[in-house]
There are 2 protein chains.
Amino acid sequence: MTDASSATDNYVLTHTMLRIKDPARSLEFYQQVLGFRLLSKLDFEEARFSLYFLQPRGHSDSADGTLEHTFSRMGLLELTHNWGSEDDDTQMHSGNSTPKGFGHICLAVPDIAAACARFEEMGVQFQKRLGEGGMKEIAFILDPDGYWIEIVQPSLMDGLLAKFKA
Amino acid sequence: MTDASSATDNYVLTHTMLRIKDPARSLEFYQQVLGFRLLSKLDFEEARFSLYFLQPRGHSDSADGTLEHTFSRMGLLELTHNWGSEDDDTQMHSGNSTPKGFGHICLAVPDIAAACARFEEMGVQFQKRLGEGGMKEIAFILDPDGYWIEIVQPSLMDGLLAKFKA
């Protein structure tokens, strides 16, 4: 058996895929509210679905329009839209109620107070606001399908969580 | 309203959180099979859960042991273990059967044939093998909880998918 330390040297976690009901509202949210850029869109006419690959603005690199680029970047979001779901009764499952599984994606921001104030101003739904609960310096917002997005400011995390380090 | 292009300049997608039943089997899988490194572990004694932050080997950076580091890295995996679930009838929901939502995480590898051969050798479960289905150069493996992990070789993706580009 090949040792993991050589066989897996260049493995990269590229994207997380979430199904969405309505690309218009999801793209507005991820692009206008969170500032993500659309790197690639793929349309599968025969199977009637589209894929949207989105990247936060803090991931600085020079997209060259290739799919090799899109599929080699760390930390992208892939949204899958099955055509027609925006017009039927499709509702996505966030994974945070029974049956549980997936929990959230996490967005690091340089100034969480400013970020959350802007989200409030834009009418974003919160699962947990700053100051609520035990972890007062972490927030959770909801995307248009109800998926949870954790919002953290990395510079606050040692102060908040160091006592839990194993 | 602040413009997204300045307000969101340094936003980064840091991690994707998945709940797990049994940390022993999940850590063995992500560390031994996929080669991920454990960056941070947090234990919440009162609430009886632990968090494991894992990073693939292709994400080269110098971890300094701080949580500021862990919470600012792109493309990490966070595994949440509620204590005791390894001994009860807890089963995680992959999101790929009703009710649907989350789909998969995606791992880019430099040589997908070699990667999949090694996975077979190690007894990894496949959702879709290379050569099966319409997308013959993509595979899906299953983690110990049944979450789907897409395996792609970025250099093959333009040849495979360029005709679907919007």
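Note that the structure is a prediction, hence the values are computed from the model and not measured.

Draft legend 1. Layout of the overall build of chain A. Assigned secondary structure in chain A consists of five helices and eight strands. Listing the helices and strands of chain A from first to last along the sequence gives α-β-α-β-β-α-β-β-α-β-β-β-α. With the principal axes as the frame, chain A shows a C-alpha extent of 50 × 50 × 35 Å. Expressed as a percentage of the 166 residues in chain A, the buried residues total 52%. In chain A, the share of contacts with a sequence separation of at least 24, taken over all contacts with a separation of at least 6, comes to 59%. Accessible surface for chain A amounts to roughly 7,000 Å². Of this, 47% is attributable to carbon and sulfur atoms. When the 15 positive and 24 negative side-chain charges of chain A are each reduced to one mean point, those points stand 6 Å apart.

Draft legend 2. Layout of the interface of chain A and chain B. Counting residues at the interface gives 77 residues for chain A, matched by 77 residues for chain B. Summing both partners gives a buried area of about 6,500 Å² for chain A against chain B, and 62% of it is carried by carbon and sulfur. Along the contact surface separating chain A from chain B lie two salt bridges. The salt bridge partner of Asp9(B) is Arg57(A), with a shortest N-O separation of 3.4 Å. With eight residues, strand 1 (residues 12–20) of chain A is the single largest residue contributor to the side of chain A that touches chain B. Considered class by class, the residues forming the side of chain A that touches chain B number 40 nonpolar, 24 polar and 13 charged.

Draft legend 3. Region of the structure containing the layout of surface pockets. In this structure, the largest pocket occupies an estimated 740 Å³ of space. What lines the largest pocket is a set of 32 residues, among which Phe140(A), Met17(B), Phe49(B), Leu51(B) and Thr80(B) lie closest to the centre. Only strand 6 (125–128), strand 8 (148–152) and helix 5 (157–161) of chain A together with strand 1 (12–20), strand 3 (49–55) and strand 4 (76–82) of chain B provide two or more residues apiece to the lining of the largest pocket. Its residues placed into classes, the lining of the largest pocket shows 16 nonpolar, nine polar and seven charged. Taken together, 23 residues line the second largest pocket, and the ones lying closest to its centre are Met17(A), Phe49(A), Leu51(A), His104(B) and Phe140(B). Broken down by secondary-structure element, the contributors of at least two residues to the lining of the second largest pocket are strand 1, strand 3 (49–55) and strand 4 (76–82) of chain A together with strand 5 (102–108), strand 6 (125–128), strand 8 (148–152) and helix 5 (154–161) of chain B.

Draft legend 4. Geometry of the domain arrangement of chain A. Residues and elements named next belong to chain A. We note that the domain assignment places domain 1 (12–87) and domain 2 (104–166) within chain A. The C-alpha-based centres of domain 1 and domain 2 are spaced at 22 Å. Counting from both sides, the interface comprises 15 residues of domain 1 and, opposite them, 13 residues of domain 2. For the domain 1 and domain 2 pair, buried surface summed over both sides reaches about 1,100 Å², with 68% attributable to carbon and sulfur atoms. Among the residues domain 1 hides against domain 2, the three largest losses belong to Phe29, Val33 and Leu34. Together they make up 41% of the total. Along the contact surface separating domain 1 from domain 2 lie one salt bridge. Linking Asp145 and Arg25 is a salt bridge whose minimum nitrogen-to-oxygen distance equals 3.0 Å. Those elements that provide at least two residues to the side of domain 1 that touches domain 2 are strand 1 and helix 2 (23–33). With six residues, helix 2 is the single largest residue contributor to the side of domain 1 that touches domain 2.

Draft legend 5. Quick peek at the environment of His59(A). By secondary structure assignment, the location of His59(A) is in the loop between strand 3 and helix 3 (67–70). On a C-alpha basis, the gap between His59(A) and Arg37(A) in space is 9.9 Å, while along the polypeptide they are 22 residues apart. Within the local environment of His59(A), its side chain forms a polar contact with the backbone nitrogen of Leu13(B), the two atoms lying 3.1 Å apart.

Scoring rules and cut-offs
- Residues numbered from 1 in each chain as written.
- Chains lettered and ligands numbered in written order.
- Predicted model: local features only at pLDDT ≥ 70, side-chain atom pairs only at ≥ 80, totals over all residues.
- Heavy atoms only, no water.
- Helix = DSSP H or I, 4+ residues; strand = E, 2+ residues; numbered from the N terminus.
- Buried < 20%, exposed > 50% of the residue type's maximum accessible area, 1.4 Å probe, protein only.
- Contact = heavy atoms within 4.5 Å.
- Areas by Shrake-Rupley, 256 points an atom, 1.4 Å probe, with all protein chains shown as cover.
- Lys, Arg positive; Asp, Glu negative; His and termini not counted.
- Charge placed at Lys NZ, Arg CZ, Asp CG, Glu CD.
- Buried area = accessible area lost by both parts, 1.4 Å probe.
- Salt bridge = Lys/Arg side-chain N within 4 Å of Asp/Glu carboxyl O.
- Nonpolar A, V, L, I, M, F, W, Y, C, P; charged D, E, K, R; others polar.
- 1 Å grid on protein atoms, 1.4 Å probe; cavity = no way out; pocket = protein on both sides within 12 Å on 5 of 7 lines; lining within 4 Å.
- Points joined across faces, edges and corners; volume = space filled by probe spheres on them.
- Domains from an automatic or database assignment.
- Polar contact = N/O pair within 3.5 Å; in protein donor to acceptor, adjacent residues only side chain to side chain.

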